[in-house]
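Below, each chain spelled out in residue letters.
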Amino acid sequence: MAGAPSIEEVIEDFNVLKCMQCGVCSGSCPSGRQASLNVRRLVRKIGRDHAAISDESLWMCTTCYNCQERCPRGIAIVDAILAVRSIAAHEGLILERHRQVANLLQEHGHAVPIDDAHKEKRMQLGLNSLPSTVHSHPDDLKDVKLLLASCGFGDITGGKE
Amino acid sequence: MMKISLFLGCLVPNRYPGIEKATGICLESLGIDWKELEGASCCPAPGVFRSFDEPTWLALASRNITLSETDERDVLTICNGCYGSLADANLKLKNNPVLKEQTNSHLSQIGRHFDGTIDVRHIIEFLYSEIGVQKIKETIVRQLDLKVALHYGCHMLKPSSNRATASVEHPSVFDELVEVLGCTSVDYPDKMECCGAGGGVRSALGETALAITEHKLGKIEGADVDCIVEACPFCHMQFDAGQVSLAEKGREFGIPVIHYSQLLALSLGYSPEDVGINLNEMDCSDFCNLLNELKKD
Ligand code: SF4
Ligand code: SF4
């Protein structure tokens, strides 16, 4: 079955309450320079309450791991962000474009499937028009769909299974 | 020598097939025992799928890994995203019996089982530690006198707790692999910074991703290089298609982007057209001409 942790488990598992608000993380953050993500504040918010799940800056993290590598308290910041995202997703808080990517995976087994323009490019290079992935192997695609169904993935994303 | 299966992922075969072609050329020329991992799916992309549901991420990643376990080969990735996803999932399942059991119960639905018998490799780390700079030097047929801006990208090296590579802040493996081909790896500010695409940011918050990319391109522009060299098709796309988007907004950079496999194939004597450098989204014809001129020397 699909599953997300509770916010209490995230706080416990990733040492979120050890944060001393030093700001090393936010000072290292490429996204914070360009967008409204303030990872120091986000960590504090995760440690305080469930409301962190609807903080839109959760989705501005590129998962570059700069913060996690440098945090003097050894907090697994990115792992915590990913876990909080999964709580959000399980409560239906998914950005529309991400829902579309999830649907592509469920339909094609690829988040970025082939299209005609790129079949053309493949042939120009002397490659088969379809790669040797699930695109050429319908039985494997069937397995991928069975696995997604077994995990209940379609229920989370509201897309098809 | 180690046997490997090449994991293609999504972006390489479906958006930048020149990298697929180039990688085959490189593995063949270096005498590596390899085959493509037939029937593989999306890794699945960690930014979106790991973010949504860890059990699903582990189930899909482990299916890809078990395909390679059946072949008794390590998985070779040519994408930082695929590497991050598959290597992290592989380690998690090897180290956590509860997750392994949960994942195997999903896999049993399709008659597969995760055993934990193989490793996941990244082409840069693999070439450096299994093949070696010396062997590459002996195999190439020409030196490429290019000034390049190297972009390591994030997940090749991080999280460092899950990686064998030495330094996160000042690594040299990739630089050494590039310089042995005759190129100069030019130092520039924020060399170790992210391209902006990862974590699902490119797919859902494109403008944020593009702002990070523009910052990095600005630093690279100042370094006055012939091209950017990376080892990840997602970074490749972000810099390549990103420059097209930035040009539409009136910010023109004109810095060609190539994957390390393509660079290595060039030094093995192949032409830019052989490995699809002309198939980038941005116009690379000047760069292709430069490369074809170099070839005549
Ligand atoms: S670097 Fe670590 S301790 Fe410092 S503010 Fe960020 S999360 Fe807290
Ligand atoms: S991993 Fe996310 S929060 Fe941390 S520095 Fe990178 S973009 Fe910022």
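Residues numbered from 1 in each chain as written. Chains lettered and ligands numbered in written order. Predicted model: local features only at pLDDT ≥ 70, side-chain atom pairs only at ≥ 80, totals over all residues. Heavy atoms only, no water.

## Considerations on the sheet that holds strand β4 (residues 120-122) of chain B
Within a sheet, adjacent strands bond to each other through the backbone by hydrogen bonds, running parallel or antiparallel. Residue and element names in this part refer to chain B. Condition: Being paired, for any two strands, means DSSP has found at least two bridges between them. Only DSSP runs of H or I covering at least 4 residues are called helices, and only runs of E covering at least 2 are called strands; the numbering of each starts at the N terminus. For helices, the axis comes from a line fit to the C-alpha atoms of the stretch in contact; other axes are also lines fit to C-alpha atoms, and the angle between any two N-to-C directions lies between 0 and 180 degrees. Here, residues are in contact when the closest pair of their heavy atoms is within 4.5 Å.
The strand order across the open sheet built from four strands is β2-β1-β3-β4, with neighbouring strands paired in parallel fashion. Two strands bound the open sheet, and with one partner strand each, they are β2 (33-36) and β4. Neighbouring strand axes in the sheet, compared pairwise and without regard to direction, differ in orientation by 35 degrees on average. Inspection of the sheet shows strand β1 (residues 3-7) paired to β2 by four bridges, in the parallel sense. Opposite I4, over in β2, you have W34 as the bridge partner. Against the sheet, helix α5 (residues 80-95) contacts β1, β3 (74-77) and β4, and its axis sits at roughly 155 degrees relative to β4.

## A word on the site of ligand 2
Just so we agree on the cut-off: The near set for a molecule or strand comprises every residue that places at least one heavy atom within 4 Å of it. When residue character is reported, Ala, Val, Leu, Ile, Met, Phe, Trp, Tyr, Cys and Pro are called nonpolar, Asp, Glu, Lys and Arg charged, and the others, Gly included, polar.
Inspection of the region around ligand 2 gives C29, P30, L37, V39, C61, T62, T63, C64, Y65, N66, C67 and V78 of chain A as its neighbouring residues. Residues that form the shell around ligand 2 fall into these classes: nine nonpolar, three polar and no charged.

## Comments concerning the site of ligand 1
Near ligand 1 lie 13 residues; those nearest to it are C19, C22, G23, C25 and C71 of chain A. The class makeup of the residues in the shell around ligand 1 is nine nonpolar, two polar and two charged.

## Comments concerning the environment of D226 of chain B
Residues and elements named next belong to chain B. So the rule is basically this: Three exposure classes are used, based on accessible area relative to the maximum for each residue type with a 1.4 Å probe and protein chains only: buried under 20%, partly exposed in between, and exposed over 50%.
Looking at the secondary structure, you find D226 in the loop between α11 (206-222) and β7 (227-230). The exposure class assigned to D226 is partly exposed, which follows from its relative accessible area of 29%. Considered as a pair, D226 and V201 are 25 residues apart in the sequence and their alpha carbons are 28 Å apart. For D226, the residues in contact, after removing those within four places along its chain, are D145, L146, K147, P256, F287 and L290.

## What about the UniProt feature "domain: Cysteine-rich" (unreviewed entry) in chain B?
Let me state the cut-off plainly: UniProt positions are given in the numbering used here, feature names are shortened, and annotations may be inferred rather than shown by experiment.
Look at the UniProt record and you will see "domain: Cysteine-rich" (unreviewed entry) annotated at residues 5-86 and 148-240 of chain B. Annotated as 59% helix and 13% strand, the span residues 5-86 of chain B places its first and last C-alpha atoms 13 Å apart.

## A closer look at the pairing of strand β5 (residues 147-150) of chain B
All names here are of chain B. Bridging between β5 and strand β6 (residues 184-185) involves two bridges; their strand directions are parallel. Across the sheet, K147 pairs through a bridge with T184, a residue of β6. Here β5 pairs with β7 via three bridges, running parallel. Paired with L150 across the bridge in β7 is V229.

## What about the interface of chain B and chain A?
This is how the line gets drawn: Simply put, the buried area is the total loss of 1.4 Å probe accessible area from both parts when two parts are fitted together. Here a salt bridge means any side-chain nitrogen of Lys or Arg lying within 4 Å of a carboxyl oxygen belonging to Asp or Glu. We define a polar contact as two N or O atoms separated by no more than 3.5 Å, with the added condition that, inside protein, one atom must be a possible hydrogen donor and the other a possible acceptor, whereas residues neighbouring each other in sequence contribute only through side-chain atom pairs.
Every contact between the two is made by 65 residues of chain B and, on the other side, 62 residues of chain A. Buried area between chain B and chain A, both sides added, is near 5400 Å², and the carbon and sulfur share of it is 61%. On the chain B side of the contact with chain A, N14, R15 and F52 of chain B bury the most area, a combined 13% of that side's loss. The tally of links between chain B and chain A comes to seven salt bridges. In this structure, the salt-bridge partner of K121 of chain A is E281 of chain B, at a minimum N-O distance of 3.6 Å. The interface formed by chain B and chain A holds 33 residue pairs in polar contact (both at pLDDT 80 or more) in total. Contributions of two or more residues to the side of chain B that touches chain A are made by α1 (11-14), α2 (17-29), α3 (46-52), α4 (54-70), α6 (97-107), α10 (201-204) and α11 of chain B. When its residues are assigned to classes, the side of chain B that touches chain A shows 28 nonpolar, 21 polar and 16 charged.

## Focus: the sheet that holds β7 of chain B
Residues and elements named next belong to chain B. Taken in spatial order, the four strands of this open sheet run β6-β5-β7-β8, and their pairing is parallel. A strand with exactly one partner marks an edge of an open sheet, and here the two such strands are β6 and β8 (257-259). Packing against the sheet, helix α12 (residues 233-248) makes contact with β7 and β8, and its axis sits at approximately 165 degrees to β8.

## Description of helix α4 (residues 39-48) of chain A
Residue and element names in this part refer to chain A. Convention followed: Along the arc lie the directions from the helix axis toward the C-beta atoms.
Buried residues of α4: V39, L42, V43, I46 and G47, and no others. With its buried residues spanning 140 degrees around the axis, α4 presents them on a single face. Those residues of α4 that are buried are in contact with α1 (7-13), α2 (24-27) and α6 (77-90). Sitting at the amino-terminal end of α4 is N38, which places a side-chain oxygen 3.1 Å from the backbone nitrogen of R40.

## Quick notes on the environment of S160 of chain B
Residue placement: S160 of chain B occurs in the loop between β5 and α9 (173-179). Along the sequence, S160 of chain B and L76 of chain B sit 84 residues apart, while their C-alpha atoms lie 19 Å from each other. Discounting chain neighbours no more than four positions away, the residues touching S160 of chain B are E69 of chain A together with V168 of chain B.

## Thoughts on the pattern of salt bridges
All names here are of chain B. In this structure the tally under the stated criterion is 25 salt bridges over all chains. For E54, the salt bridge is made with R50, and the minimal N-O distance between the two is 3.9 Å. E54 is paired through a salt bridge with K92; the nearest N and O atoms lie 3.4 Å apart. With E54 in helix α4 and K92 in helix α5, this residue pair connects regions lying 38 residues apart in the sequence. Taken together, the shared-partner salt bridges connect R50, E54, D88, K92 and R163 into one network.

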